[in-house]
Amino acid sequence: MEIIPAIDLIDGKCVRLAKGDFAQQKVYNQNPLEVAKEFEAAGIKRLHLVDLDGAKAGKIQHINVLETIARNTTLQIDFGGGVKQIEDVYSVLNAGACFVTIGSLAVKNPSLLQEWVNAFGATKFLIGADSLNYTIKTNAWINDSGINIFTFISSLQAMGLSTIFCTDIEKDGMQNGPSLQLYKEILQTNNGINLIASGGVTTVNDIEALAQIGCTGAIIGKAFYEGSILLTDLKKYSKHAL
């Protein structure tokens with residue numbers, strides 16, 4: 001089980017939303033690098049960096065934050081939000097990200113994603129399957145794609161993509177536990193994927209429950225910032241989790 005803290009960016013600040021609602025945002029730190037260094041100091045190896053402004057605008061807005069964190073930490077960063085063209089993929093990788101996070105584009109333009117996979121290799125991409133009531137949502141969770149989550153994940157596997165993170169939007173930022181049943185169904189329906197859970201992870205017990213059902217990672221956001229998962233506790237857990 002890999003522990004992956006999340007930093008979500010709006011106006012260059014570290015924020016968290018509730019159910020992806022931009023109207024329900026809370027600023028936790030003005031300095032994302034400071035937050036990233038705290039994670040690094042606790043023994044964390046990975047970081048999920050999300051350009052929420054970029055996701056909403058359809059164009060990367062905070063590549064400078066990625067560059068700053070990559071230059072000043074050893075964290076393995078996946079970065080997403082507004083990646084629409086092959087030049088964006090180059091920019092993200094050149095700025096220091098190890099992985100490019102793709103969300104809406106994988107739904108709207110799978111043929112373009114396949115071209116990128118062919119050009120860069122499947123291991124350079126982390127694909128987001130963001131769903132509400134088993135249906136994939138796009139554009140910062142604003143639009144309903146009408147595509148079933150199991151069908152979507154199967155299409156990604158057909159491209160050679162095996163590492164996928166799934167966010168249950170109903171759970172995101174609500175601190176009431178992850179969607180264990182959804183993840184169980186995904187793992188049963190889509191064999192051979194590395195499934196990273198996202199949304200609702202609130203306690204160390206949640207992390208252990210996700211590991212038990214077969215998830216390979218957990219993206220954790222608000223629980224860190226609100227203190228329901230302490231970095232000191234996670235450091236002890238991380239001895240066997242990372």
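Residues numbered from 1 in each chain as written. Predicted model: local features only at pLDDT ≥ 70, side-chain atom pairs only at ≥ 80, totals over all residues. Heavy atoms only, no water.

Enquirer: Which residues make up the layout of surface pockets, and what values go with them?
Expert: Computed from the structure, the largest pocket encloses a volume of approximately 210 Å³. Around the largest pocket, the lining comprises 16 residues; the ones closest to its centre are Phe99, Thr123, Phe125, Leu126 and Thr163. Those elements that provide at least two residues to the lining of the largest pocket are β1 (2-10), β7 (125-132) and β11 (194-198). A per-class count over the lining of the largest pocket returns seven nonpolar, seven polar and two charged. (1 Å grid on protein atoms, 1.4 Å probe; cavity = no way out; pocket = protein on both sides within 12 Å on 5 of 7 lines; lining within 4 Å. Points joined across faces, edges and corners; volume = space filled by probe spheres on them. Helix = DSSP H or I, 4+ residues; strand = E, 2+ residues; numbered from the N terminus. Nonpolar A, V, L, I, M, F, W, Y, C, P; charged D, E, K, R; others polar.)

Enquirer: Kindly report on the nonpolar core, identifying the contributing residues and their values.
Expert: Generally speaking, soluble globular proteins have nonpolar side chains that are buried together. Ranked by internal contacts, the top residues of the largest apolar core, which has 63 residues, are Ile7, Ile102, Leu113, Trp116, Phe125 and Ile186. Apart from the residues lying within four places of it in its own chain, the contact partners of Ile7 are Cys14, Pro32, Val35, Ala36, Phe39, Leu47, His48, Leu49, Val50 and Tyr225. Membership of the second largest hydrophobic core comes to six residues, among which are Ile4, Ala6, Ile196 and Ile219. (Core = buried A, V, L, I, M, F, W, Y, C linked by side-chain atoms within 4.5 Å. Buried < 20%, exposed > 50% of the residue type's maximum accessible area, 1.4 Å probe, protein only. Contact = heavy atoms within 4.5 Å.)

Enquirer: Outline the packing of helix α8 (residues 180-189) against helix α9 (residues 204-213), supporting the account with residue identities and numerical values.
Expert: A pair of packed helices is characterised by two quantities: the angle between their axes and the separation of those axes. Direction vectors running N to C along α8 and α9 enclose 20 degrees, while the axes themselves pass 10 Å from each other. Comparing the axis directions of α8 and α9 gives the class roughly parallel. As α8 packs across α9, the resulting crossing turns out to be right-handed. Residues Leu180, Tyr183, Lys184 and Leu187 of α8 form the contact with α9, whose own contacting residues are Ala209, Leu210 and Ile213. A class-by-class count of the residues in the contact of α8 with α9 yields six nonpolar, no polar and one charged. (Axes fitted to C-alpha atoms, helices over the stretch in contact; angles between N-to-C directions. Parallel < 35°, antiparallel > 145°, perpendicular 65-115°, else oblique. Left-handed = near helix turned anticlockwise from the far one by under 90°.)

Enquirer: So what about the side chain of Thr101? Which residues, and what values?
Expert: If you trace the backbone, Thr101 turns up in strand β6 (residues 99-102). The class of Thr101 is buried, set by a relative accessible area of 10%. Polar side-chain contacts of Thr101 include one of 2.8 Å to the side chain of Asp78. Every residue in contact with Thr101, bar those within four places of it in the chain, is listed here: His48, Asp78, Phe79, Gly80, Gly81, Val83, Leu126 and Phe165. (Polar contact = N/O pair within 3.5 Å; in protein donor to acceptor, adjacent residues only side chain to side chain.)

Enquirer: Can you explain helix α4 (residues 86-94)? Please cite residues and give values.
Expert: Those residues of α4 that sit buried are Asp88, Val89 and Val92. The buried residues of α4 occupy an angular sector of 105 degrees when the element is viewed end-on, so they sit on one face. Packing partners of the buried residues in α4 comprise α3 (63-72), β5 (76-80), β6, α6 (110-120) and β7. (Arc of directions from axis to C-beta.)

Enquirer: Kindly report on the packing of aromatic side chains, identifying the contributing residues and their values.
Expert: The full count for this structure, using the stated rule, is five aromatic pairs. With a centroid separation of 6.2 Å and an interplanar angle of 80 degrees, the aromatic rings of Phe120 and Phe125 are classed as edge-to-face. There is no split in this pair, since Phe120 and Phe125 are both buried. On the basis of an interplanar angle of 45 degrees and a centroid distance of 5.8 Å, the ring pair of Tyr134 and Phe150 is categorised as tilted. Here Tyr134, found in the loop between β7 and β8 (135-138), pairs with Phe150, found in helix α7 (residues 149-158); they are 16 residues apart in sequence, far enough to count as distant. What makes Tyr134 partly exposed here is its relative accessible area of 32%. By relative accessible area, Phe150 is classed as buried at 16%. In textbook terms, an aromatic cluster arises when at least three aromatic residues are bridged by ring pairs, as seen for Phe39, Phe224 and Tyr225. (Phe/Tyr/Trp six-rings, centres within 6.5 Å; stacked < 30°, edge-to-face > 60°.)

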